[in-house]
Amino acid sequence: MKRISSIDAVRGLVMLVMALDHVRDLVHFSGVSHDPTDLTTTTPFIFGTRWITHLCAPTFVFLSGVSAYLAYSNSKDQKSSKQFLVTRGVWLIMLEFTLINFAIWFDIHFRITMMQVIAAIGTSFILLMFFVNRPSRQNFAIAIMITLVCNLVAGFDFPSFPALNFVYHWLFSPKVFQVTSNYMLFVGYPVLPWFGIMLAGYASGVLFLKSKEERMRIFIRISAILISLFIVVRATNLWGDPSKWSIQKDGVFTFLSFMNISKYPPSLMYIFITIGIAFLLLFISEKYEGKWKEVITVYGSVPMFYYLLHFYIIHIIGQLVFIFQGFAWSDFQFAPFRFGRPEGSSGVGLMYVYLIWLCIVALLYPLCKGYATYKKAHPENAWLKYL
C-alpha cells in the first residue's frame, strides 16, 4: 500500500513545532523559572509559542493510531503485526527510560525518570493489540468512553496507599514520585488518556482508505465539528477543562484565558481543539501540493530518528550557548528539572529561540532525508522499522 503523504506531512509539521517547544524549554531565559501559560507572568508571544506546541503530542499519538491501522489492515500476516505492536511498544518504553531521558536531563546519575509521550505511545501500542480486530465504530465508542472517564476521575490522590496511588497516576493523572532521597519518578503522560487518543486514531484509520476527494470532505467536516464543539462548550465554562477562563485586563489576555487549556492530563477541551486543528491540517495537506509538503514529509517519514536526534542536538547547542554566555562547567546544574541549566541568569530571548530552532530544523533536514533514503532502500533490514 502506498504511503499517504498527508499523514507524513502533518506528522512532520507537528514534529518541527515540537522542536520549538524543546528549544524554548532548554534555552529561553525563563524556560525553567516561569510557566509560559501563567497569565500573570507571560506575554502573548511566549504564550503563543507554548500554545502552538499543544498540537504536537495529540496529533502525533492520533496519527500513530492511524498508521497502526493502515499497517495492520494491509498486513498479510496479522499475527506478526500484533507481535510487532508489542515489540515496538516495549522498544519505545526502553528508549524513553534510557536514551530519551538522558537527552532531556543530561544527568549521568539518572536521578529522575520521566514517563512522557514516547512511553505513553509504547504502552498504548501494547494495549492496542487487544483492539485491532474490533470494528472501527466499536473502537471509536470505547475511545470516547475512555476520554470521558479520564476527564471525570483526573485529580484524585491516594496518599495512604502508595501502590494504589502509583497505579492511579500511571493510568490517569500526572504526578512526581520521590522514590528515594536521590531518585524521582515523574509520570508526565498517564497511559489511559493518551491511549484513548491513539485508539480514536486507530478507529479513524478506515477514513484514510477512502478516495482523496472523500477524505478531504470528511476531514474538513470533522475539523469544523470539533472546533465548534470546543468554542461552544468552552464558552459555557461549565465542563471539559479544569482551568476555567475569565475576563482579564484586556481582550488579548481574555482570549488567552479562553485558550488556556489543560494538557496534563489532556482535557476534553484540549482534545477537541488539537485534534480539530489536526484534521484541518490533514485537509490542507490533502488539498495543496508543493515543495513545502515535500520538505516537511521528510521529517514525518522518520519520526523516531528525528525525535532522538533533535533532543540531543538542542541540548548540546543549549550548553554551548551557556558557555558562550560566560558560564563555567561547574555552574551547570543537573539536578531534577534543571535540564543542566547553569545556576543564575542564563538563556536567551524569544527571538534567539526562534533563530536557534530554525537552524536546528535546517540541520536535521539532510540527516532525516539521508536516513529516509537509506531506510527505503533497505526494506530487508527489519531493525529499521524500530527507528
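Before reading further, recall that the structure is shown in the block above.
Residues numbered from 1 in each chain as written. Predicted model: local features only at pLDDT ≥ 70, side-chain atom pairs only at ≥ 80, totals over all residues. Heavy atoms only, no water.

Asks: If you had to explain helix H8 (residues 191-204) to someone new, which residues and values would you point to?
Replies: Taking 1.5 Å per residue as the helical rise, H8 with its 14 residues ought to reach 20 Å, and the 20 Å between its terminal C-alpha atoms agrees with that figure. Among the 14 residues of H8, 13 are classified as buried, and the element is accordingly described as predominantly covered. (Helix = DSSP H or I, 4+ residues; strand = E, 2+ residues; numbered from the N terminus. Expected span 1.5 Å × (residues − 1). Buried < 20%, exposed > 50% of the residue type's maximum accessible area, 1.4 Å probe, protein only.)

Asks: Describe the nonpolar core, naming the residues involved and giving the relevant values.
Replies: Within the largest apolar cluster, 118 residues are counted, with the highest numbers of intra-cluster contacts made by Leu-128, Phe-208 and Tyr-306. Per element, the largest residue contribution to this core is 13 residues, and it comes from helix H1 (residues 5-27). Those residues in contact with Tyr-306 that sit more than four places away from it in its chain are Met-15, Leu-16, Met-18, Ala-19, Tyr-299, Val-361, Leu-364 and Cys-368. Membership of the second largest hydrophobic core comes to 5 residues, among which are Met-115, Ala-119, Leu-185 and Val-187. (Core = buried A, V, L, I, M, F, W, Y, C linked by side-chain atoms within 4.5 Å. Contact = heavy atoms within 4.5 Å.)

Asks: I'd like to hear about the packing of aromatic side chains, residue by residue, with values.
Replies: Under the defined criterion, the tally for this structure stands at 28 aromatic pairs. Measuring from centroid to centroid gives 5.6 Å for Trp-105 and Phe-337, while their planes differ by 80 degrees, and the two rings are edge-to-face. With Trp-105 in helix H4 (residues 78-105) and Phe-337 in the loop between helix H13 (303-324) and helix H14 (350-377), the pair connects residues that are 232 residues apart, well separated along the chain. Put simply, the rings of Phe-62, Phe-208, Phe-219 and Phe-279 touch in pairs and so form one group of aromatic residues. The residue whose ring lies beneath Lys-287 is Tyr-288, and the NZ or CZ to ring-centre distance is 5.7 Å. For Lys-385, the ring lying beneath its charged end belongs to Phe-84, and the centroid distance is 6.0 Å. (Phe/Tyr/Trp six-rings, centres within 6.5 Å; stacked < 30°, edge-to-face > 60°. Lys NZ or Arg CZ within 6 Å of the ring centre and 35° of its normal.)

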